Amino acid sequence: MKLTKYTHACVRLEKDGGTIVLDPGNFSEAAEAMEGAQAVLVTHEHADHLDTAAVVEALEGNPDLVLYAPESVAGKLRGEVPGAAARIHAVEPDSTFQVAGFDIRSFGGQHALIHPQIPLVANIGYLVDTNVYHPGDSFIIPDGIKVQTLLVPLHAPWSKSAEVVDFVIGVRAPKAFQIHDGLLNDNGLGIVEGHVRRIGAKYGTEYRHLAPRESVEV
């Protein structure tokens, strides 16, 4: 499939005429990423993963577009776009479904802890075609499956570099690309990516940086 990375956490996947978009957030080129897509998958409710205005506009403008998200997100969007309610589906952890020609498996259920005084929210990680894994804001490792392409949350208020590296080691995917890098400048990006690339390679993971709008076959 063709994978196109957008700024921060948004990724577009295309295969055999089908297109899905994961986490079109407000740090990303959300409207551009969703153009012509058949489905949107949202990991959780935070704005850097869900640009509500852009998603509402896409649902209103494309009567064939469907959306999958945790119930906390799906319920709110049904209220925002009642005419599209039947196309907005809630996803639970450990479930499977097919959309736009892709096989989807869900993992996780909870956002990583930011601080005990900040409430936790639901978070779903998506494995696409037993190939590409987008964990959202979590380091949940899929069980019972060998991930081929890992999308690595490089930096967040809820993580530290050691956890990022351990996530890459734990998944041990042959290929890895970065997501959740929108808060890093070039200096920070170079440091974190250096650790991921060097240590990940010891465990069989080839890490590559993708620029916004850059595409790769996976």
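Scroll up to find the structure this text is about.
Below is a summary of the structure that appears in this document. (Residues numbered from 1 in each chain as written. Predicted model: local features only at pLDDT ≥ 70, side-chain atom pairs only at ≥ 80, totals over all residues. Heavy atoms only, no water.)

Glancing now at the nonpolar core. Membership of the largest hydrophobic core comes to 25 residues, with the highest contact counts inside it found for Leu3, Leu13, Ile20, Leu41, Val99 and Ile104. Breaking this core down by element, the ones donating at least two residues are strand E2 (11–15), strand E3 (18–22), strand E4 (39–41), strand E5 (66–69), strand E7 (96–99), strand E8 (102–108), strand E9 (124–128) and strand E12 (175–179). Among the elements that line this core, the one with the most residues is E9, at three residues. Once residues lying within four places of it in the same chain are set aside, the contact partners of Val99 are Ile20, Ala39, Leu41, Val66, Tyr68 and Ile104. Counting residues in each nonpolar core, the second largest holds 24 residues, with Ala33, Ala69, Val73 and Ile88 among its members. (Core = buried A, V, L, I, M, F, W, Y, C linked by side-chain atoms within 4.5 Å. Buried < 20%, exposed > 50% of the residue type's maximum accessible area, 1.4 Å probe, protein only. Helix = DSSP H or I, 4+ residues; strand = E, 2+ residues; numbered from the N terminus. Contact = heavy atoms within 4.5 Å.)

The strand order across the open sheet built from seven strands is E6-E5-E4-E3-E2-E1-E14, with neighbouring strands paired in mixed fashion. A single partner strand is all that each edge strand has here, and the edge strands are strand E6 (88–90) and strand E14 (215–217). Going from strand to strand, the sheet's axes swing by 20° on average, the running direction of each strand aside. By the bridge criterion, five bridges tie E2 to E3 in an arrangement that is antiparallel. Bridge assignment links Arg12 to a residue of E3, and that residue is Val21. Seen against the sheet, helix H3 (residues 71–80) touches E5 and E6 and runs at an angle of roughly 155° to E6. (Pairing = 2+ DSSP bridges. Axes fitted to C-alpha atoms, helices over the stretch in contact; angles between N-to-C directions.)

Right, let's talk about the pattern of salt bridges for a bit. This structure, assessed with the given rule, holds seven salt bridges. Taking the shortest distance from any N to any O, the salt bridge between Asp129 and Lys15 comes out at 2.7 Å. With a gap of 114 residues between them, Asp129 in the loop between E9 and strand E10 (132–134) and Lys15 in strand E2 connect regions that are remote in the sequence. Accessibility expressed as a relative area gives 18% for Asp129, which makes it buried. (Salt bridge = Lys/Arg side-chain N within 4 Å of Asp/Glu carboxyl O.)

A positive phi angle, close to 60°, is found at Asp94, a residue other than glycine. Along the chain, the position of Asp94 falls in the loop between E6 and E7. The residue Arg213 is not glycine, and still its phi comes out positive at about 75°. As for its position among the elements, Arg213 is in the loop between strand E13 (206–208) and E14. Residue class for Arg213 comes out partly exposed when judged on its relative accessible area of 46%.

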